[in-house]
Amino acid sequence: MASYFSSVPDEASAIGLLLQAAALVPTAHYLAAALIFLLVFLYNFLELHFLGDFLRGFRGDPVVLTFDPASRIYQGVVSMCRILHGRYLVTPWLASPHLQTVFLSFFGRPPSVVYRRQLFSVQDGGTVALDWLLASDVAGGASDTDKVISRDDTTPIVVVVPGLTSDSFSSYVKHAAYTMAKHGWNVVVSNHRGLGGISITSDCFYNAGWTEDLREVVNYLHYEYWRAPLFAVGTSIGANVLVKYLGEDGENTPIAGAVSVCSPWDLVVCDRFISRKLVQRFYDKALTIGLKGYAQLHQPILTRLANWEGIRKSCSVRDFDSHATCHVGKFETVDTYYRCCSSVSFIGNVAVPLLCISSLDDPVCTREAIPWDECRANQNIVLATTAHGGHLAYFEGLTAHSLWWVGAVREFLNVLHSSEFMHGQIKTPNHGLHCSLESAIDKGPYVNITEDGMVAAMTSEGPDHMTEEDLHDDELCHVDEPEDEIVLTDQSLLGTENDMDNGSEPVDSVQEIEAESITKAIHDVTAPLSRHSVLASAADFEGFDPDGDDLDVDLDTTAETLVSATPATSLSGASSQESHHGPPAAPSPPSDLWDEDEFEGIPPAVQPPDHDPDSAADDDSILPSSKPVELSSPPSPPLSLRSYFLEIVCVTFLICFAFNYFHGKRRNEAIALAWAAKFAVKDSIFDKNFSLLGTGDGNDTPLLLKEGQDVFKFYATGRRYCQGMLATMELLSRHDLISRALHLVFSKKDTITFEVVMNEDAMDHVVLALARKKTVKMMHKEERDLQRFASPVVAPPAGRKWVADELMVVAESKEVAGDLITDVVLDQVFGDKAFEKFGKWFVSLHFSDQSPGSHKKILMFKFVLPDAKNISDMSRLVTLVPYYIDLIGRYKLSSHARSKTEAVRAKAAQEAYKELQNARQEALQKKKAEKKKIMEEIEAKLSAEALRKKEDKERARQLKKAGPRLKMLRR
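Residues numbered from 1 in each chain as written. Predicted model: local features only at pLDDT ≥ 70, side-chain atom pairs only at ≥ 80, totals over all residues. Heavy atoms only, no water.

A. Summary view of the nonpolar core. Residues W132, L221 and L246 are the most contacted members of the largest nonpolar core, which totals 74 residues. Tallying contributions element by element places helix α8 (residues 237-249) first for this core, with six residues. If we skip the residues at most four places from it in the chain, L221 touches W132, V159, V188, W226 and L230. (Core = buried A, V, L, I, M, F, W, Y, C linked by side-chain atoms within 4.5 Å. Buried < 20%, exposed > 50% of the residue type's maximum accessible area, 1.4 Å probe, protein only. Helix = DSSP H or I, 4+ residues; strand = E, 2+ residues; numbered from the N terminus. Contact = heavy atoms within 4.5 Å.)

Structural data, given as structure tokens:
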């Protein structure tokens, strides 16, 4: 079998063989390989995980919870949340954090909501837009747009703090607001300063750590709707602000529970991350564009307070913070601003139930900034991390109709509201808070367009309106003024509060008066400590501490004295004996804290915790008796993107490719060998018609020349009328898996082409083509000889049988067509009955004495190759090759037909000569133009003196050429 194939010559160089092999590969294969490479690159660049989800059966990834094993918040609240203990599956066609984040930004599919706007004025003169969405607005019936919330309303209120440059009209904010309102909660979106269509009305701007606006809004809502439990949800930068606020105020916040979604946590780490990779730089650029748009709205103020030229040229968030935030907030450097405003430093002081949701593939807030140990050390915090989700996206369902985190937040707050673990709300009066109480919800107009194009807030100033100086003085002096009653509420005291509201007088007992007076004194001492930096610079950003030496009061000593003088008051059913006044002591880290990311592969040394036997009874009384505490080890982070799914797919593809290569190679060789065994061996058709078969005359000369895994050639010579015959088998690329897949889409068959080169004196003027109608029309357009000399034969010669209806003849004359398509050929192959049987193997015939190639007189036969078992079906077609060699070699035209063909050829020769002359003229003109262009370039480089000499020389030459010619004669 191997004797049929020739080997590659030894003299060929390795590089030449490599180039030849590369040239044999079809262009479609290179395009397919480039496409596969591009897909693999995009799969990794976009961090797609569709294959991983597919191999896991689209079950999703579990939500990993990190918490203190002794956390009452987990035992009593989170353990009852079904969503947090389930799995999260990304929308399959958004299986990438970048696709999710981009889809949320540009589409988001938010529900339709109509807010009620309230303008709230803060102490420094700034204006904050509060957008309300009441439960009655989405209840399904006709909503009353004039309805306001009663001060005695007990419906829970959720304060939503949007992210950077986002407002209440952002898609994710609408999702959260609509979902909470749909489940019976009142939602208020606290827009940042300068956003939501409100202009800046003071010299103070918000930043990533500006908590004063949120503090004043929360205190106002707590004072105005004192019977409604107050919850908060922060997203992105809003989450950082919320957690920082909760850590600053500790127990003194009226927030009953909070949720942080996709918080950046550590701004320094996130700043390094967002400028690390190419794909993250796109987000950096997008955030910068949003910040510059925000600055453009308030250019008159920022031009005065900051470096406007630097803001305009900012290319990153860090550049913007350097030229804007640091100038307005009086921060020395950008890193100083990031360190002061990062919420990671305030986690330990959070005293309210807090659920933190973060995605490990967040493209903006990196997983490297997630404070695993800090969250695990605080019993009030539960950290929920998912493997996927993007930034604030978390799309789920086939249609991406909802956000997973919105459902998790709704469930957590519902369970927390119905439990006994809500944080006790300290009912404090509004100390110097200035707000437009007379401008109720939905009172308008809300904005005013000034002459310079700025959007200014409109408020109704009544007789009680206070100036900024009055507010400032009032706030500084509020320690010495008598305060209203401080009410400590608990879930168990709700009935008592209701009775008091109905007109009954409060119980006047000695114990209650003492508790209220002590709590009041403690609050008076600790309030300046938590807010002295803000009061010292009311018009500046948070983080600027002008002078802390002015506080001469020893607050710590006073607080210790007050606390030691009275027992601590229990809030929300808590029985802890710790004092909630003043900053809490830093918790000692548990022995089982372990950073899996930093110390990967090193087993943690677990030590049994020390328990105080005296406090065992107290601990048992704190925990629910029906549910034993499970002290589980810290959960290890979920698997990263470095999984083996892509590798498994690649290895599987390579195995399939290798198997297909050898299998396809054998099939092609089997077809070629079957054809050679049938038509090219001893006593076969070509052996009887040609004296020499193969490339040589030796006994071991191979019959077939293998030029590739899908190209085989056979050569025969030694016959009259022709110089030789070359048969080329072009088989399907069965050895190439990609080509085989393409063949399923684009149908293709194995073909064999016979090219016979006729002798110069053995072929008369003949131009003819025969094929199916569609194929012959295509040949007539593409082949130059058919275009010039041939035309379709519409009607058959008189009195003759003709080819099948599927076929069409293109010939130089009807005489040539009738003489060459004989009755024998019609009966054997091209007649109606014969073509039904053998027509499936026929492609085309093309005879021409005006071929445009190196050989003018050519006979071309093209047939379809059957499979190896049915190769004998094409015997009649192969017989046409020697038959037409003899027929055309003996064929002579009539004198009349010859005169016509010669005239046509002469005319064609003249046209060809004219085309050649035109081509030469065009080439000559092109050459002259190029030469002129080169000379002009040279002249452009010459100096003025050289150019003058050249012009003089050219002028002398022209004068000499124009002068009379003199001829000297000799005598």
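What follows continues from the structure just given.
B. Representation of the pattern of salt bridges in the model. All chains considered together, the criterion is met by 36 salt bridges. With its nearest N and O atoms 2.7 Å apart, the salt bridge here joins R318 to D271. With R318 in helix α13 (residues 317-329) and D271 in helix α9 (residues 267-274), this pair connects stretches of sequence that are 47 residues apart. The closest approach of N and O atoms between D827 and K801, which form a salt bridge, is 2.7 Å. With D827 in helix α28 (residues 823-830) and K801 in the loop between β24 (791-792) and β25 (807-811), the pair connects residues that are 26 residues apart, well separated along the chain. (Salt bridge = Lys/Arg side-chain N within 4 Å of Asp/Glu carboxyl O.)

C. The arrangement of the packing of aromatic side chains in detail. In this structure the tally under the stated criterion is 36 aromatic pairs. Plain terms: the ring middles of W675 and F754 are 6.2 Å apart, the flat faces sit at 40 degrees to each other, and that makes the pair tilted. With W675 in helix α22 (residues 645-679) and F754 in strand β22 (residues 751-758), this pair connects stretches of sequence that are 79 residues apart. With centroids separated by 6.1 Å and ring planes inclined at 40 degrees, the aromatic side chains of F686 and F690 adopt a geometry described as tilted. For F686, a relative accessible area of 0% corresponds to the buried category. (Phe/Tyr/Trp six-rings, centres within 6.5 Å; stacked < 30°, edge-to-face > 60°.)

D. Summary view of the pairing of strand β11 (residues 381-386). In terms of residue burial, β11 counts as a mostly covered element, since six of its six residues are buried. Burial along β11 is two-sided: I381, L383 and T385 facing one way and V382, A384 and T386 facing the other are all buried. For strand β2 (residues 64-66) and β11, the ladder comprises three bridges, and the chain directions are antiparallel. Across the sheet, residue V64 finds its bridge partner in β11, namely T385. Of the pairings in the sheet, the one linking strand β10 (residues 354-359) to β11 comprises six bridges and is parallel in character. When the bridges of β11 are listed, L355 appears paired with V382. In this fold, β10 hands off to helix α15 (residues 372-377), which returns the chain to β11; that crossover is right-handed. (Pairing = 2+ DSSP bridges. Right-handed = clockwise from strand over helix to strand, strands pointing away.)

E. Inspection of helix α6 (residues 171-182) at higher detail. Taking 1.5 Å per residue as the helical rise, α6 with its twelve residues ought to reach 16 Å, and the 16 Å between its terminal C-alpha atoms agrees with that figure. Within the span of α6, buried status applies to S171, Y172, V173, K174, H175, A176, A177, T179, M180 and A181. A positive phi of about 90 degrees marks G184, the residue just after α6. (Expected span 1.5 Å × (residues − 1).)

F. Quick peek at the pairing of strand β5 (residues 127-133). Where burial is concerned, most of β5 is hidden: seven out of the seven residues are buried. Burial of the side chains of β5 extends over both faces: T127, A129, D131 and L133 are buried on one face and V128, L130 and W132 on the other. Bridge count for strand β4 (residues 116-121) against β5 is six bridges, and the pairing is antiparallel. Its bridge partner being in β5, F120 is matched across the sheet by V128.

G. Expanded view of the sheet that holds strand β8 (residues 230-235). Pairing is mixed across the open sheet formed by nine strands, whose spatial order is β2-β11-β10-β9-β8-β6-β7-β5-β4. Each edge of the open sheet carries a strand with a single partner, namely β2 and β4. Recorded for the sheet is a direction-independent mean angle of 20 degrees between the axes of neighbouring strands. Relative to β8, strand β6 (residues 157-161) is paired through five bridges, and the arrangement is parallel. Across the sheet, V160 pairs through a bridge with V233, a residue of β8. Set on the sheet, α6 makes contact with β5, β6, β7 (186-190) and β8; between it and β7 the angle comes to about 155 degrees. (Axes fitted to C-alpha atoms, helices over the stretch in contact; angles between N-to-C directions.)

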